[in-house]
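# Chain and residue survey
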Amino acid sequence: MKYLKVTFISLFSLAFGIVLLSAVSFWVMRTFYLTPDKLADLVKQEVNERTNLQFDCQSIELSYWDTWPAVSISIKKGDIRLPAVAMGDSVQYALSGTFDKVTGTLQLTRLLKSKEININNIQVYQPDIHYVNGARLLPILKKEKSNAGKKVRLQINRIKIHEGSFSYQTKKGVCWDMERIQAQMTGELDAQ
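Let me sum up the structure you'll find in this document. (Residues numbered from 1 in each chain as written. Predicted model: local features only at pLDDT ≥ 70, side-chain atom pairs only at ≥ 80, totals over all residues. Heavy atoms only, no water.)

## Observations regarding the packing of aromatic side chains
We count it as follows: Pairing of aromatic rings covers Phe, Tyr and the six-membered ring of Trp, with a centre-to-centre limit of 6.5 Å; geometry is then stacked below 30 degrees between planes, edge-to-face above 60, and tilted otherwise. In this text, helices come from DSSP runs of H or I with a minimum length of four residues, and strands from runs of E with a minimum of two, each type numbered from the N-terminal end. To sort residues, take the accessible area from a 1.4 Å probe on protein chains only and compare it with the maximum for the residue type: under 20% means buried, over 50% means exposed, and anything in between is partly exposed. Geometrically, a charge over a ring is one whose NZ (Lys) or CZ (Arg) sits within 6 Å of the ring centre while staying within 35 degrees of the ring normal.
In total, this model carries three aromatic pairs according to the counting rule given. Note on Phe12 and Phe16: the rings are 6.4 Å apart at their centroids and 15° apart in plane angle, and the pair reads as stacked. Placement of both Phe12 and Phe16 in helix α1 (residues 2–33) is noted, with a separation of four residues, approximately one turn of the helix. Considering the side-chain rings of Tyr131 and Tyr168, the 5.7 Å spacing of their centres and the 20° angle between planes classify their relative orientation as stacked. Highlighted residues: Tyr131 in strand β5 (residues 128–132) and Tyr168 in strand β6 (residues 153–169), separated in sequence by 37 residues. Since its relative accessible area comes to 24%, Tyr168 is described here as partly exposed. The ring of Tyr125 has Lys101 sitting right over it, with the charged end atom 5.3 Å from the ring centre.

## A look at the pairing of strand β4 (residues 116–125)
Put simply, the rule is: DSSP-based pairing: two strands are paired if at least 2 bridges between them are found.
The buried count for β4 comes to seven of ten residues, which makes it a mostly enclosed element. Judged from the five bridges that link them, strand β3 (residues 93–106) and β4 form a sheet pairing that is antiparallel. Residue pairing across strands places Thr103 opposite Gln123, the latter belonging to β4.

Shown next as structure tokens:
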């Protein structure tokens with residue numbers, strides 16, 4: 001009985017230590033290194049440098065306890081625009097949109113081990129998307145010089161849209177508006 005008690009206390013102490021160490025590590029990372037302002041600036045800079053999108057948001061926050069052991073990310077009050085190839089007087093952006101909030105979970109172990117950004121269960125709340133037909137779109141990703149050692153693979157397996165609206169304008173000026181859209185995409189939504 002004494003050995004069972006010692007074993008139980010040891011296992012409980014080990015589990016508690018792992019949870020406490022991971023919580024303290026996340027708190028230090030979130031408080032000193034990846035504050036919402038620093039994280040928002042970093043993500044905005046990376047998106048604007050690597051893509052043709054013009055991206056802005058109010059804040060980006062990390063959370064740990066909601067999706068333990070994964071880390072969840074929350075982007076609030078975002079604005080995304082994709083310029084047209086040839087900007088005219090009436091069409092400056094071929095695709096533009098805003099959203100209230102986007103959430104998802106990140107698998108940090110996959111990023112560290114296999115250089116793979118795995119974002120699970122992306123939820124987009126109240127997006128408002130406008131597309132102008134006839135305006136040629138720039139490609140979303142900018143062409144980069146290939147660095148064989150620095151490739152990071154992005155893997156997304158699910159995107160769910162809540163309470164969205166979509167506006168589509170034809171070449172002749174006819175506008176289609178769709179409100180309260182609920183949509184879900186699942187599968188291997190990869191990018192390299």
